[in-house]
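# Topology and contacts: notes
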Amino acid sequence: MSDAPLDVLARWEAHGALWRSYRVSDEEAVVELCTCTGEPVDELRTRDPALLRYLADRPRSDAD
């Protein structure tokens, strides 16, 4: 069983890495998973409604 997309982002951030929205629509999001220096290393693609709502308010981990 895979983790919920919000859990993936929370774990990524908890380990000191960054993430940022690459493309977000009403139906799908693509989030870049980056190193602590901002280099993209992977991406998360999802249609999860909870994550789409979350990204509308917080499009990147370093935008607080």
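So, here is what we can say about the structure in this document.

Reading the values: rules and limits
Residues numbered from 1 in each chain as written. Predicted model: local features only at pLDDT ≥ 70, side-chain atom pairs only at ≥ 80, totals over all residues. Heavy atoms only, no water. Helix = DSSP H or I, 4+ residues; strand = E, 2+ residues; numbered from the N terminus. Rg over C-alpha atoms; globule rule 2.2 N^0.38 Å. Buried < 20%, exposed > 50% of the residue type's maximum accessible area, 1.4 Å probe, protein only. Contact = heavy atoms within 4.5 Å. Areas by Shrake-Rupley, 256 points an atom, 1.4 Å probe, with all protein chains shown as cover. Lys, Arg positive; Asp, Glu negative; His and termini not counted. Charge placed at Lys NZ, Arg CZ, Asp CG, Glu CD.

## Quick look at the overall build of the chain
- Helix and strand counts for the chain stand at two helices and three strands.
- Along its sequence from the N terminus, the chain presents helices and strands in the succession α-β-β-β-α.
- Here the chain has a C-alpha radius of gyration of 11 Å; the compact-globule value for 64 residues is 11 Å, and the two agree.
- The dimensions of the chain, computed from C-alpha atoms along their principal axes, are 30 × 25 × 20 Å.
- Burial analysis of the chain (64 residues in total) assigns 31% to the buried set.
- Taking all contacts inside the chain whose residues are at least 6 apart in sequence as the whole, residues at least 24 apart take part in 36%.
- For the chain, the accessible surface area stands at approximately 4300 Å², while carbon and sulfur atoms represent 49% of it.
- Here the chain carries 8 positive and 14 negative side-chain charges, and the mean point of each set is 2 Å from the other.

The analysis is restricted to geometry; functional conclusions fall outside its scope.
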